[in-house]
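Listed below, chain by chain, are the residues.
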Amino acid sequence: MRFRLPFNSAWPLKNGAVFSFSLIIFLSSIFIPGAAAFVDRSEIVSRTLPNGLEVLVREDPGQTVAELQVWVGAGGRDEPKGKEGIAHLFEHMLFKGTATRKVGEIASTVEAAGGDINAYTSMDNTVYHITIASSYFETGMDVLSDAVQHSSFDKGELEKEKLVVIEEIHRGEDSPPRVFSEELFKAAYPKHPYGRKVIGTPASVKSISRRDMLAFFKHWYVPGNMKLVVVGNVKAGDVFRSAAAHFNARGGAIPRRKEVAQQPQTQSRIFHVQRDTDPARVALAFHIVALKDPEEPVYDLLAAILSQGESSRLPVNLRDKGIVHAAWAYAYTPKDPGLFILGATVDPERIGDALRGLLEQLAILREKLIPSEEIERARSRILNGKIFERERVEGQAREIGYMALTLDNPNFDDIYRSRIQAVDAGDLRAAARRVFSGQRATVGFLSRDVDAQPGDSEVRDLLNGKLAPAAHRKGTESVPAVYRSNLPNGLTLLVREDHRLPLVAARVGVLGGVRFETERTQGAFNLIAHLLTRGTRQMSATELALKLDGMSASLDGFSGRNSFGVTGKFLSRDIGEGLKLMGQVLTDATLPAHELDLARERMISAIKARKDNMEAFAMDLFRTALFKEHPYRFSTLGTEESVSSLTRDDLVKIYRNEIRPEGMVLSLTGDIRVEDAYRLAEKTFGGLSGGKFDPGPLPMEVPRGGKHVVREVRGDKAQTHLMLGYLGPTLYSPDLDSLDVLNAVLAGQGGRLFTELRDRRSLAYSVFSFVAPGIDPGFIAFGIGVSPAREQEALDGILEQIRLVRDQPVSPAEIERAKTYLIGSKMIELQDLGSRNDEVFFPVLYGEDLERALHYPERIRSVTPRQIQEAARRYLDPGKYTLVVLAGGASVTGPE
């Protein structure tokens, strides 16, 4: 059971994803022999208020936070003709004030309580959600109910927010992968609303009036067309009482959604997109069933067999053979019939080979029965995933809300589990023969040279050759104590017991990464991290992938600015075997030459792709402008030149020098006993020997005086991106907490930058600031993406905010909001085991005071207004800064 947002969904995303856009997976309940005792199957209780609003609650007393979500049965598919984007614009306007709250107060109130508020719009639904500490539950309920029921839709604010949304549209137009995915849905759904952009067009957004907004609100935002979902450390009775008090809007007739039939596709559809981008992309789509259809789990299994896990078919047969850089498959099954989508990123000259490879894999699914062990591995991967999904309250609430609104059954995962258990090889082959037909395929290509893309006749020949029509066949709050010890060889062991779920998060590593690289070796640690799991002296890459997939486990190398190592997550029953695998890949990886060639190609492709991401590319330019001596100027990916020149001998030398027990840290958090952890650590890593690796002295950066401006023109882009900043603190700096509070005053939806530059001036969709400390001095940065014509205004606006925090003490109310937000964000972050594990791993690795690190709330609460102003004066100077201008459109010479 998977629900994935379509690529054209207007959802402000925070996390990375399998594909270019977040593909949210809703996985079913677990089916693991012997695991039932560990799994909390908390009952979902519901009550319908007199006005028709259904309230659904899952109590999770092990959490310290609560998730509140309002699901509205209205999305992009429900918009009037010519008013496309109104559902998304409506979502924006719910944050722009109510009868009792001014502009900015909705977000600032939640952030002042340490919470996080956001929203997203898809084709079928609009969702408003708050994550907040359970003690502030009533605040969250008050704000969310006020926003959803009583938004003022001020005419002036509407006009300003329309400008912000138009900037958001332009931002999407600057992303070739996003444009490509929108074209895929447009081609696959020529007459269905799913083919439209949720965000709308500049023309449609400009045409929306306040009268249109009120009419949309009156028609769709009635209690009977909404669900309120609450998950976390709450009592159901308290939630029901609070909901009745706050969500008391008058009931109304439940609107009837216009049904749109999807006409059967009888001919292939082919489209071509030309953009200056690298790598190229190819995608295929086939129409399949809706979420409610009993056959839906069949397509989830087909997608998992193709691309879920390192041992799945697309990675093994396409990526690992160097045909593509990456390949994927997934089943998009919303309320109406969905799509089965496959895609790949590839070198432009091999785009035809990528299409052939994808079609060959589909042909094999149609021809041959899938081995039972492969089916069971995929089925286990899907079902076991629910354990990981249950770590965070947001994921639980999302599944409940989506199933309740889409299928009117929040407990649908029980039905899904029985359905997916019944699927066999015959069902999978029958579905493949029925769906994967050349005549029913939608095929698209993205590259900088359309002439190099396969022609339509060539594509149709391939489709008819590989996927000829087949005969139809019917297929049957408290912080746990940290145990710290040292093995005789010098390795530091950290254990944090948490027995709520049968999971263990593990990380083992050493100092390394960018900080230990040179001009010639930049990118080396990132390459090694990717190669660690591509084979050891005991196991090939395929054998390792099969082993991990069979355990429903994850294991990856990691490399950052200051560290290097291996991270994993395992079911607790498999932790012994999991640590054994971690030890193998960390200490005995072979770094095979053929795998290096493939990894090198993927890294170079990723380096090229960053140039299409204006924000990321501006950050790369900023680092190289700010740091002239220190390795922090390098990207973790390296450069095309450095990655191309690094040999296997170079990487083996770095790898062998690094992996020494003295200075190494192993951290385990989850369902494991201290005594077992020590025994397993000694068994796995006790044989390592060697002193601590010493790369020698590192060059220290000297702050430059005056203004340093770097300007680069990107005429193919609609927006200009500014990145302004300064040398920043170390991880050990006494100013770090003050700077964190100062940044929280400036950043976030309730912060000064957002309020002034976005809400009041409508300069940008995205404006931000952040503090990036390091073992050595890091940096502080401010960023914004704007229309080229407003470049100087944006720069002046940022500098004005810098002057204000230097010249005037921050108000007590702002400081309190910032502190509560930081502490609340930390609580939200620490919901999952991996984050709680990292909370102890990195401070110990970096030589910080662990006790100090674990008392973050107390540290933040102790920061004073004077300390904030002194830190601002020490680090921020409106007359001396480094500025990168990545100029889009018809930009002329801008600020100096």
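Residues numbered from 1 in each chain as written. Predicted model: local features only at pLDDT ≥ 70, side-chain atom pairs only at ≥ 80, totals over all residues. Heavy atoms only, no water.

(A) Structural detail: the overall build of the protein chain. A tally of regular secondary structure across the protein chain gives 32 helices and 22 strands. Taken over C-alpha atoms, the radius of gyration comes to 27 Å for the protein chain, in line with the 29 Å a tight globule of 896 residues would show. For the protein chain, buried positions account for 62% of its 896 residues. On the protein chain, roughly 33,300 Å² of surface is accessible, and the fraction owed to carbon and sulfur atoms is 50%. With 114 positive and 117 negative side-chain charges, the protein chain shows a spacing of 3 Å between the two charge centroids. (Helix = DSSP H or I, 4+ residues; strand = E, 2+ residues; numbered from the N terminus. Rg over C-alpha atoms; globule rule 2.2 N^0.38 Å. Buried < 20%, exposed > 50% of the residue type's maximum accessible area, 1.4 Å probe, protein only. Areas by Shrake-Rupley, 256 points an atom, 1.4 Å probe, with all protein chains shown as cover. Lys, Arg positive; Asp, Glu negative; His and termini not counted. Charge placed at Lys NZ, Arg CZ, Asp CG, Glu CD.)

(B) How the structure looks around the environment of L591. Within the fold, L591 resides in the loop between α19 (575-587) and α20 (593-610). In this structure the C-alpha to C-alpha distance between L591 and P502, which are 89 residues apart in sequence, comes to 33 Å.

(C) Quick look at the sheet that holds strand β15 (residues 554-559). The sheet built from six strands is open, its strands ordered β12-β13-β17-β14-β16-β15 with mixed pairing. Across the chains shown, the open sheet's two edge strands, defined by having one partner strand only, are β12 (483-486) and β15. Recorded for the sheet is a direction-independent mean angle of 15° between the axes of neighbouring strands. Two strands pair when backbone bridges link them, and strand β13 (residues 492-497) and strand β17 (residues 665-670) are joined in this way by six bridges, in the parallel orientation. (Pairing = 2+ DSSP bridges. Axes fitted to C-alpha atoms, helices over the stretch in contact; angles between N-to-C directions.)

(D) Spotlight on the sheet that holds strand β20 (residues 767-772). Read from one edge to the other, the open sheet built from five strands follows the order β18-β22-β19-β21-β20, with strand pairing classed as mixed. Looking at strand neighbours, the two that pair on one side only are β18 (707-714) and β20, the edges of this open sheet. Pairs of neighbouring strands in the sheet enclose a mean axial angle of 15°, with direction left out of account. In this structure, strand β19 (residues 720-727) lies alongside strand β21 (residues 779-786), joined through eight bridges in antiparallel fashion.

(E) Looking closely at the pattern of salt bridges. Under the definition given, this model contains 66 salt bridges. The salt bridge involving R77 is made with D124; its shortest N-O contact spans 3.1 Å. With R77 in the loop between β3 (65-72) and α1 (86-93) and D124 in the loop between β4 (116-121) and β5 (126-133), the pair connects residues that are 47 residues apart, well separated along the chain. We note that R77, like D124, is buried. Close ionic contact of R500 with D498 constitutes a salt bridge, the shortest N to O distance being 3.1 Å. Look at D498 and you get buried, because its relative accessible area is 9%. Within this structure, K96, E157, K160, E161, R758 and D759 form a network of salt bridges that share partners. (Salt bridge = Lys/Arg side-chain N within 4 Å of Asp/Glu carboxyl O.)

(F) Structural detail: the packing of helix α27 (residues 791-807) against helix α32 (residues 865-875). Packing of α27 against α32 leaves a shortest axis separation of 8 Å and a crossing angle of 130°. The angle between α27 and α32 places the two elements in the oblique class. Crossing hand, α27 versus α32: left-handed. Contact residues: V805, R806 and D807 in α27; Q869, A872 and R873 in α32. (Parallel < 35°, antiparallel > 145°, perpendicular 65-115°, else oblique. Left-handed = near helix turned anticlockwise from the far one by under 90°. Contact = heavy atoms within 4.5 Å.)

(G) Spotlight on the environment of P661. The topology assignment puts P661 in the loop between α23 (648-658) and β17. Overall, the relative accessible area of 1% leaves P661 in the buried class. Taking C-alpha positions, P661 is 46 Å from F754, a pair spaced 93 residues apart along the chain. Residues within four places of P661 in sequence aside, it is in contact with N489, G490, L491, L688, S689 and G690.

(H) Highlighting the packing of aromatic side chains. Taken as a whole and assessed by the stated rule, the structure comprises 27 aromatic pairs. Here W71 and Y120 contribute two aromatic rings whose centre-to-centre distance is 6.4 Å and whose plane-to-plane angle is 90°, an arrangement assigned as edge-to-face. With W71 in strand β3 and Y120 in strand β4, this residue pair connects regions lying 49 residues apart in the sequence. What makes W71 buried here is its relative accessible area of 2%. Aromatic side chains F768 and F770 sit 6.1 Å apart centroid to centroid with 20° between the ring planes, which places their arrangement in the stacked category. Three or more aromatic residues joined by ring pairs form one cluster here, namely F90, Y128, F153, F216, F217, W220 and Y221. Against the face of F841 rests R507, its NZ or CZ located 6.0 Å from the ring centre. (Phe/Tyr/Trp six-rings, centres within 6.5 Å; stacked < 30°, edge-to-face > 60°. Lys NZ or Arg CZ within 6 Å of the ring centre and 35° of its normal.)

(I) Up close: the pairing of β13. Extensive coverage of β13 is indicated by the burial of five of its six residues. Counting the residues that bridge the hairpin from β12 to β13 gives five residues, and of these G490 lies at a positive phi of roughly 105°.

(J) Expanded view of helix α13 (residues 393-407). Taking 1.5 Å per residue, 15 residues should reach 21 Å; α13 reaches 21 Å between its end C-alpha atoms and fits that length. Most of α13 sits out of view: 14 of its 15 residues are buried. One or two steps after α13, the chain reaches D408, where phi turns positive at roughly 55°. (Expected span 1.5 Å × (residues − 1).)

(K) Representation of unusual backbone geometry. Cis geometry marks the peptide bond from D278 to P279, where omega comes out at 10°. Phi at D408 takes a positive value of approximately 55°, unusual for a residue other than glycine. Checked against the element boundaries, D408 lands in the loop between α13 and α14 (412-421). Its identity as a non-glycine residue notwithstanding, L591 has a phi of 45°, on the positive side. We classify L591 as buried; its relative accessible area is 1%.

(L) Main features of the pairing of β5. When you tally the buried positions in β5, you get eight out of eight residues, the bulk of the element. In terms of strand pairing, β3 meets β5 through eight bridges, oriented antiparallel. Each residue of the ladder has a partner; that of V70, found in β5, is Y128. Relative to β5, β4 runs antiparallel, the two sharing six bridges. Within the sheet, the bridge partner assigned to D116 lies in β5 and is T131. If you look at the hairpin formed by β4 and β5, you'll find four residues sitting between the two strands.

(M) Looking closely at the confidence of the model for the protein chain. In the predicted model, the protein chain carries a mean pLDDT of 90, and 93% of its residues have values of at least 70. Residue range residues 1-41 is modelled with pLDDT below 50. Its contacts to residues more than four positions away, or to other chains, number 142 contacts. Overall, residues 471-478 carries pLDDT values under 50, and its contacts beyond four positions in sequence, including any with other chains, amount to 14 contacts. (pLDDT = per-residue confidence, 0-100.)

(N) Just the packing of helix α26 (residues 752-760) against α27, in detail. The interhelical angle for the contact between α26 and α27, taken along N-to-C directions, is 145°, at an axis separation of 10 Å. For the pair α26 and α27, the crossing hand works out as right-handed. Residues R752, L753, E756 and L757 of α26 touch α27, and the partners they reach there are G797, I798, Q801, L804 and V805.

(O) The environment of G97, seen in detail. Secondary-structure assignment places G97 in the loop between α1 and α2 (105-112). Sequence-wise, G97 and A344 are 247 residues apart; in three dimensions their C-alpha atoms are separated by 43 Å. For G97, the contacting residues outside a window of four places in its chain are K102, V103, I106, S151 and S152.

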